[in-house]
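Breakdown of the fold
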Amino acid sequence: MKISDLSTDVAALLESHGVPEREVYLDSENSGLVFPEALQAMVQAYASGGMGHPSITHRKGWETYETLLLATLTIAGALRCQPDELVFTHSGTEANNLAITGLARANKTRKKLLISDIEHLSVTFPAEQLQKEGCRVVTIPVDREGVVDQEFLAGQIDADTLLVSVAPVNHEIGTVQDVRAMTELVKDRDAGVAVHLDSCDAFCKTELDLEKTGADLASISSHKIYGPKGAGALFVRDGTSLDPIIRGQLSTQKLWAGVENVPAIAGFAKAVELMQTNRDQYLAVMTKLRDRLISGITETISDTLLNGPGGDHRAPDNVNISFLNCEGEALTVEMSLKGVYVSSGSACTSRVLQPSHVLLAIRRRYEEAHGSILMKTTPFHTESDIEYVLTCFPDAVQRIRSLSPLKPGGGKHV
Ligand SMILES: Cc1ncc(COP(=O)(O)O)c(C=O)c1O
């Protein structure tokens with residue numbers, strides 16, 4: 001299909017959909033709400049301190065370099081790493097690709113990659129590609145709540161192991177892993193194994209102290225913490241060898257060619273600053289609304305399953321519920337008509353009708369995975385927003401169930 005056909009389709013879709021009277025955006029997993037202050041910092045950077053090229057030797061270059069430097073100090077401070085251990089990319093996806101592929105290219109003597117079964121596709125796809133090029137990928141199983149099997153992991157560490165990659169917080173089901181214990185275990189077995197933490201969903205929302213964890217690589221992404229899109233970063237511990245994976249004119253980054261998106265990085269740093277300053281208040285709001293959303297749905301709508309752990313082992317913003325006998329994609333459209341924006345399955349599978357590999361890894365059946373809805377609460381939401389969402393779900397679910405070929409009693413529920 002050509003882009004011109006698609007744009008006509010999208011215009012028609014938007015017109016037929018109309019603009020709902022009330023809107024609640026719960027799809028921050030895929031992208032979305034931005035702190036106004038972060039946008040302001042971005043605009044400000046374009047207006048004065050970020051319009052140039054940070055490596056160029058004239059006033060505008062120096063101003064841009066100063067903006068980049070200040071942002072770097074803020075982000076490195078929050079991660080508790082050194083400023084020159086950060087490489088800016090344009091997204092978390094790029095940071096994950098650089099971590100995995102860059103490490104494998106620079107270290108050819110070890111060939112085994114250990115990746116948890118529930119990683120983001122920006123981790124699993126580069127690993128799969130490396131497998132085609134001669135590496136061996138072993139997936140680390142998880143339990144029914146998504147917790148990685150550390151015993152299995154320990155048994156897999158050997159002299160050929162190059163990398164262990166586990167996200168401290170799972171993007172889909174919100175499982176919080178004990179990455180400190182995991183890193184200690186890996187390093188105890190073999191200090192030469194690199195540990196990568198895809199921290200896009202953990203950064204600023206859970207404890208992530210790189211000084212304490214001892215990990216070698218960690219990826220972060222601006223839009224996951226309500227900064228602008230277009231900025232991500234990879235922490236590379238001093239002494240870890242990586243090869244660049246894209247080539248071109250180097251700027252201030254040794255590992256990422258091309259000019260940095262300094263305005264977006266300035267917005268990213270502002271988001272980090274706000275998340276740090278208001279941490280307790282934001283986490284309390286997100287957690288309270290998360291719990292209300294979970295109980296409001298699971299206690300009033302029949303045949304629902306919470307995916308992922310409860311309580312402290314769950315990310316403060318994550319709500320992932322399977323509605324049995326209900327097509328998740330259809331439910332997102334039905335909810336959209338009511339102005340409630342949610343996603344079905346994971347960010348990366350939402351354009352392909354395949355059940356999420358994360359839900360299958362925690363032993364959900366195909367139909368349970370197909371009926372899953374993912375929502376993320378944010379500091380921007382209010383109790384009234386969540387109550388509105390709760391009034392919308394029952395009708396929407398009933399309507400989609402009434403149209404569904406999947407009928408109750410079609411299988412055993414977990
Ligand atoms: C855990 C995790 N890793 C990586 C990414 C990719 O980040 P980005 O959207 O910045 O490419 C995401 C995005 O949703 C994520 O949640």
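Note that this is a predicted model, so its numbers are computed, not measured. (Residues numbered from 1 in each chain as written. Predicted model: local features only at pLDDT ≥ 70, side-chain atom pairs only at ≥ 80, totals over all residues.)

It is worth spelling out the overall build of the protein chain at this point. When its secondary structure is counted, the protein chain shows 14 helices and 13 strands. Taken over C-alpha atoms, the radius of gyration comes to 22 Å for the protein chain, in line with the 22 Å a tight globule of 414 residues would show. Along the first, second and third principal axes, the C-alpha set of the protein chain runs to 65 × 55 × 45 Å. A fraction of 73% describes how many contacts in the protein chain between residues 6 or more apart in sequence connect residues 24 or more apart. (Helix = DSSP H or I, 4+ residues; strand = E, 2+ residues; numbered from the N terminus. Rg over C-alpha atoms; globule rule 2.2 N^0.38 Å. Contact = placed C-beta atoms within 7 Å.)

Quick look at the packing of helix α11 (residues 328-337) against helix α14 (residues 383-403) now. α14 packs onto α11 with a crossing angle of 135° between their chain directions and a minimal axis gap of 9 Å. As far as their axial angle goes, α14 and α11 are oblique. Note that α11 runs across α14; the crossing there is right-handed. Residues A330, L331, E334 and M335 of α11 form the contact with α14, whose own contacting residues are C392, A396, V397, R399 and I400. Of the residues belonging to the contact of α11 with α14, the class tally is 7 nonpolar, no polar and 2 charged. (Axes fitted to C-alpha atoms, helices over the stretch in contact; angles between N-to-C directions. Parallel < 35°, antiparallel > 145°, perpendicular 65-115°, else oblique. Left-handed = near helix turned anticlockwise from the far one by under 90°. Nonpolar A, V, L, I, M, F, W, Y, C, P; charged D, E, K, R; others polar.)

The next point concerns the sheet that holds strand β5 (residues 161-165). Strand order across the open sheet formed by 7 strands is β2-β8-β7-β6-β5-β3-β4, with mixed pairing between neighbours. Looking at the sheet topology across the chains shown, the edges are occupied by β2 (86-89) and β4 (136-140). Taking each pair of neighbouring strands and ignoring which way they run, the sheet shows an average axis angle of 20°. Across 3 bridges, the pairing between strand β6 (residues 194-198) and strand β7 (residues 217-221) is parallel. Bridging from a neighbouring strand, L197 pairs with A218 of β7. Of the strands in this sheet, β2, β5, β6, β7 and β8 (232-236) touch helix α4 (residues 92-106), which is tilted by about 160° from β7. (Pairing = 2+ DSSP bridges.)

This paragraph deals with the pairing of strand β3 (residues 112-116). The buried fraction of β3 amounts to 4 of the 5 residues, a majority that puts the element mostly inside the structure. As paired elements, β3 and β4 share 5 bridges and run parallel to each other. Among the inter-strand pairings, L114 is bridged to a residue of β4, identified as V138. Direction of pairing for β3 relative to β5: parallel, over a ladder of 4 bridges. Pairing of I115 across the sheet is with S165, part of β5. (Buried ≥ 20, exposed ≤ 12 C-beta atoms within 10 Å, placed from the backbone.)

Moving on to the nonpolar core. Looking at soluble globular proteins, one finds that nonpolar side chains tend to be buried together. Ranked by size, the top nonpolar core spans 113 residues in total, and within it I75, F235 and I265 carry the most contacts. For this core, the element with the highest residue contribution is helix α9 (residues 262-277), accounting for 10 residues. Looking at which domains feed residues into this core, each of domain 1 (3-30 + 280-403) and domain 2 (36-276) supplies at least three. Excluding residues that lie within four positions of it along the chain, I75 makes contacts with L86, A233, F268, A269 and V272. (Core = buried A, V, L, I, M, F, W, Y, C linked by C-beta atoms within 7 Å. Domains from an automatic or database assignment.)

β6 sits mainly inside the fold: 5 of its 5 residues count as buried. Of the two faces of β6, the one lined by A194, H196 and D198 and the one lined by V195 and L197 are each fully buried. At this point the chain moves from β5, through helix α7 (residues 179-189), to the parallel β6, and the crossover so formed is right-handed. (Right-handed = clockwise from strand over helix to strand, strands pointing away.)

Here the protein chain is described as being made up of domain 1 (3-30 + 280-403) and domain 2 (36-276). Distance from the C-alpha centre of domain 1 to the C-alpha centre of domain 2: 27 Å. The set of elements that each furnish at least two residues to the side of domain 1 that touches domain 2 consists of β10 (318-323) and α12 (357-361).

Turning our eyes to something else, we now look at helix α3 (residues 59-79). A rise of 1.5 Å per residue sets the reference length of α3, with its 21 residues, at 30 Å; its end C-alpha atoms lie 30 Å apart and thus fit the reference within 8%. For α3, the elements touching its buried residues are α2 (36-49), β2, α8 (210-213), β8 and α9. Downstream of α3 by a residue or two, R80 has a phi angle that is positive, lying close to 60°. (Expected span 1.5 Å × (residues − 1).)

Surveying the vicinity of the ligand reveals 17 residues, the closest of which are S91, G92, T93, H171 and S221. Counting residues per element, the shell around the ligand draws most heavily on α4, which supplies 3 residues. Of the residues in the shell around the ligand, the class split is 3 nonpolar, 10 polar and 4 charged. (Near = placed C-beta within 6 Å.)

Turning our attention to the sheet that holds strand β12 (residues 343-344). Ordered in space as β9-β10-β13-β12, the 4 strands form an open sheet in which the pairing is antiparallel. The open sheet is flanked by β9 (304-306) and β12, the only strands paired with a single partner. In the sheet, β12 pairs with strand β13 (residues 372-376) via 2 bridges, with the strands oriented antiparallel. The partner of S343 across the bridge, within β13, is L374. Running over the sheet, helix α10 (residues 279-298) touches β9, β10 and β13 and is turned about 10° from β10.

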